[in-house]
Amino acid sequence: MTLNEYEIRRREDRKELLDLNINPYPAELFEINVVTSDILKNYENNKTDYKNISIAGRIMTRRIMGNASFVEIQDSKGKIQVYFRRDDLCPDEDKSLYNHVFKKLLDIGDILGIKGYVFTTQTGEITIHATSFQLLCKSLKPLPIVKQATNEAGETITYDAFSDPDMRYRQRYLDLIVNPSVKDTFIKRTQLVNTMRQYLNEKGYLEVETPILQPLYGGAAARPFKTYHNTLDMSLYLRIANELYLKRLIVGGFDGVYEFSKDFRNEGMSRFHNPEFTQIELYVAYKDYYWMMDLVEEMVELIALALHGTTELQVGTHTISFQRPWKRFTMFESILHFTGVDISNMEEAELRLTCNQMQVPSEPGMGKGKLIDAIFGEKCEPYLIQPTFITDYPVEMSPLAKKHRSKAGLVERFEAICNGKEICNSFSELNDPIDQRQRFEDQLELGKRGDDESMVLDEDFLRALEYGMPPTAGLGIGIDRLSMIMTNSNSIQDVLFFPQMRPEKNQTVNLEELRSAGVTDDYIPLLIKLGFQNKKDLSNANPNKLLNDLGGMRKKQKLEIPAPDLELIKIWIG
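Everything numeric in this text was worked out from a predicted model, so none of it was measured.

J.: Is there a simple way to explain the overall build of the protein chain in this structure?
T.: Regarding its fold elements, the protein chain presents 20 helices and 20 strands. Taken over the C-alpha trace, the protein chain has a radius of gyration of 31 Å; the compact-globule value for 574 residues is 25 Å, which it surpasses by more than 25%. Counting all 574 residues of the protein chain, 47% fall into the buried class. Contacts in the protein chain between residues far apart in sequence, at least 24 positions, make up 63% of those at least 6 positions apart. Total accessible area computed for the protein chain in this model is approximately 29,400 Å², and 50% of it derives from carbon and sulfur atoms. Of the side chains in the protein chain, 70 bear a positive and 84 a negative charge, and the two mean positions are spaced by 5 Å.

Below is the structure:
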């Protein structure tokens, strides 16, 4: 582990605190009776309630001014200024708690417990006057300092923002500290889920849990993650959907069941796809897909109102209205509308030719259903901005959906598309076990042709259907996609606390390369602290900047080594 000069100093401060018998990580409870938002909202109207407060938070800024100082702390609800006065903290002759511990051994990022009272400064700022404090956690890594200033137009300008997406997603904990507004996205996501749960519970549907580890994966067209169970001596799969298990429960006699589930698909990643994602699946007996469309409209409209107080939301450059009713088109109608081509009577060969003519990418292993889906995904879906139901899909695309009651070759299925992406999928569920077996066998044939997302044949599910499943409507809603829309987020990574990422590239220090470049042992530790770990790092350095950085570190640490020389540094860089 390579430490920079700030991390080294903080570790030294930690040791000194321990030497002073101050535990930087105390175990005992610190009682909190107020949060920042409560003080800032209510103090002016009820000052007597804030004469004896106890609060905890992280130091975000410090202004040391001799015998008095100002600190800004941040808790889970916001930020507030705290006033520290030496003689209040140290009423006796010993002033070391303020002069040494507070001023020299505390840092931005440390977490303090503070007792005191609230007052208003001469400039009108609501502030806590600290009468005592306790160090609750010593931070060993410095926070990125985000600076803000107000320009002549009264606009707030942010400098040195912690904004690199890769860093933010990898270190979400740091993102939440430095960019506290990020919390609002995740609070709204939880409100979204809670609204759905309350809505479905009030209708009398039962929330259930089904297996994540499954001997056969099913319920969707996707590639699975595979694992192995040692005791059972068998391969298992992480579920790609929970549909087949939930429908078993409908067979068993439940009228309505739903599950918020983590599902896993071993597929590509993008700003709309994460290999681990959350969806809700709902199955209700004696209903059909028309009934389910009405439910989706009602529930999503309710979510918009619960989160924003309005059915109109700004999503990117679009204003999207979730007010009922939503537009409805069949899949073939939408393709005809956007391309001018009627594909409703085309067979596979003609569809493949049409894909080529429209410059829609296709693969040799794609059957009729996937070719139609490719045309729709390329030529229609991106242009459906307002929430729209696309209905009546070709039977080849939907192995688990019931054949349409009046349209040959189609199934009773809809998808809701919003802001150019699918947010839900629904069927009148197929409950004919003979038809279902044939659909599974058709999927096996597609698998033999090279379709690695084709479904497998699940004999136990077919056995369940043979006992009889009542007419049922099923629904799956992607929580991540819907959260993106409801929070105006550009990427799925923005609504996942910890999105899947490629491994970090951790370079190791190559001392021999540094020495071979001519760097003396005196300067190797300084170069490492500056982030130079090998010859390649050095070759990309600016010689004048490196000269200044090394000179500054030499003076700051009072090192008795020769002053760096520009010509020598140029030799190091090569």
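J.: What is the right way to look at the packing of aromatic side chains in this model?
T.: Each aromatic ring pair is described using two quantities: the centre-to-centre distance and the angle formed by the ring planes. Under the defined criterion, the tally for this structure stands at 18 aromatic pairs. Centroid distance Tyr-83 to Phe-119: 6.1 Å. Interplanar angle 70°. Geometry classified as edge-to-face. With Tyr-83 in strand 3 (residues 78–85) and Phe-119 in strand 4 (residues 111–120), this pair connects stretches of sequence that are 36 residues apart. The exposure class of Tyr-83 is buried, given its relative accessible area of 16%. Relative to Phe-133, the ring of Phe-84 lies with its centre 5.9 Å away and its plane at 80°, an arrangement referred to as edge-to-face. Residue Phe-84 is located in strand 3, and its partner Phe-133 is located in strand 5 (residues 126–137); the two are separated by 49 residues in the primary sequence. Assessed through its relative accessible area of 13%, Phe-133 is described here as buried. Just above the ring of Phe-102 sits the side chain of Arg-62; from NZ or CZ to the centre is 5.8 Å. Taking the ring centre of Phe-30 as reference, the NZ or CZ of Lys-115 above it sits at 4.9 Å.

J.: How should the nonpolar core be read in this particular structure?
T.: When a protein is soluble and globular, its nonpolar side chains tend to lie buried together. In terms of nonpolar packing, the biggest core is built from 41 residues, with Met-331, Ile-335, Ile-343, Ile-372 and Phe-376 touching the most fellow members. Counting only elements with at least two residues in this core, the list comes to helix 8 (243–251), strand 13 (276–285), helix 10 (331–339), helix 11 (348–358), helix 12 (368–379), strand 17 (388–394), strand 18 (410–418) and helix 14 (459–467). Here this core gets five residues from one element, more than from any other, and that element is helix 12. In this structure, Val-193, Val-296, Phe-322 and Phe-414 belong to the second largest nonpolar core, which totals 40 residues.

J.: Looking at this model, I keep getting lost on the environment of Asn-542. Mind explaining?
T.: Relative to the elements of secondary structure, Asn-542 occurs in the loop between helix 18 (535–539) and helix 19 (543–556). On the basis of relative accessibility, which here comes to 44%, the residue Asn-542 falls in the partly exposed class. Expressed as a C-alpha distance, the spacing of Asn-542 and Ile-128, which sit 414 residues apart in the sequence, is 46 Å. A polar contact of 3.0 Å, which involves the side chain of Asn-542, links it to the backbone nitrogen of Asn-544.

J.: Please explain the pairing of strand 3 as it appears in this structure.
T.: Each regular strand displays side chains that alternate between the two surfaces of the sheet. In this structure, strand 2 (residues 68–75) lies alongside strand 3, joined through eight bridges in antiparallel fashion. The residue bridging Ala-68 from the neighbouring strand is Arg-85, located in strand 3. Remark: two residues form the turn of the hairpin made by strand 2 and strand 3, two consecutive strands paired antiparallel.

J.: Would you explain helix 4 (residues 96–105) in this entry?
T.: Note: α-helices contain 3.6 residues per turn, so residues at a spacing of three or four share the same orientation. All of the buried residues along helix 4 are Tyr-98, Val-101, Phe-102 and Leu-105. Within helix 4, the buried residues cover an arc of 145° as seen down the axis, which keeps them to one side. Close packing links the buried residues of helix 4 with helix 1 (5–19), strand 1 (53–65), strand 2, strand 3, helix 3 (86–89) and strand 5.

J.: Help me out: how do you make sense of the sheet that holds strand 5 in this one?
T.: Within a sheet, neighbouring strands are paired by backbone hydrogen bonds and run either parallel or antiparallel to one another. Here we have five strands rolled up into a closed barrel, ordered 1-2-3-5-4, and mixed in their pairing. Neighbour-to-neighbour, the strand axes of this sheet turn through a mean angle of 55°, independent of strand direction. Inspection of the sheet shows strand 1 paired to strand 4 by six bridges, in the antiparallel sense. The residue bridging Ile-53 from the neighbouring strand is Gly-116, located in strand 4.

J.: Can you walk me through the side chain of Asp-537 in this structure?
T.: Along the chain, Asp-537 falls in helix 18. There is no salt bridge for the buried Asp-537, and the closest opposite charge comes from Lys-536, which lies 7.1 Å off by N-O distance. Within the local environment of Asp-537, its side chain forms a polar contact with the backbone nitrogen of Gln-533, the two atoms lying 2.8 Å apart.

What counts as what
- Residues numbered from 1 in each chain as written.
- Predicted model: local features only at pLDDT ≥ 70, side-chain atom pairs only at ≥ 80, totals over all residues.
- Heavy atoms only, no water.
- Helix = DSSP H or I, 4+ residues; strand = E, 2+ residues; numbered from the N terminus.
- Rg over C-alpha atoms; globule rule 2.2 N^0.38 Å.
- Buried < 20%, exposed > 50% of the residue type's maximum accessible area, 1.4 Å probe, protein only.
- Contact = heavy atoms within 4.5 Å.
- Areas by Shrake-Rupley, 256 points an atom, 1.4 Å probe, with all protein chains shown as cover.
- Lys, Arg positive; Asp, Glu negative; His and termini not counted.
- Charge placed at Lys NZ, Arg CZ, Asp CG, Glu CD.
- Phe/Tyr/Trp six-rings, centres within 6.5 Å; stacked < 30°, edge-to-face > 60°.
- Lys NZ or Arg CZ within 6 Å of the ring centre and 35° of its normal.
- Core = buried A, V, L, I, M, F, W, Y, C linked by side-chain atoms within 4.5 Å.
- Polar contact = N/O pair within 3.5 Å; in protein donor to acceptor, adjacent residues only side chain to side chain.
- Pairing = 2+ DSSP bridges.
- Arc of directions from axis to C-beta.
- Axes fitted to C-alpha atoms, helices over the stretch in contact; angles between N-to-C directions.
- Salt bridge = Lys/Arg side-chain N within 4 Å of Asp/Glu carboxyl O.

This is a description of form; function is not addressed.
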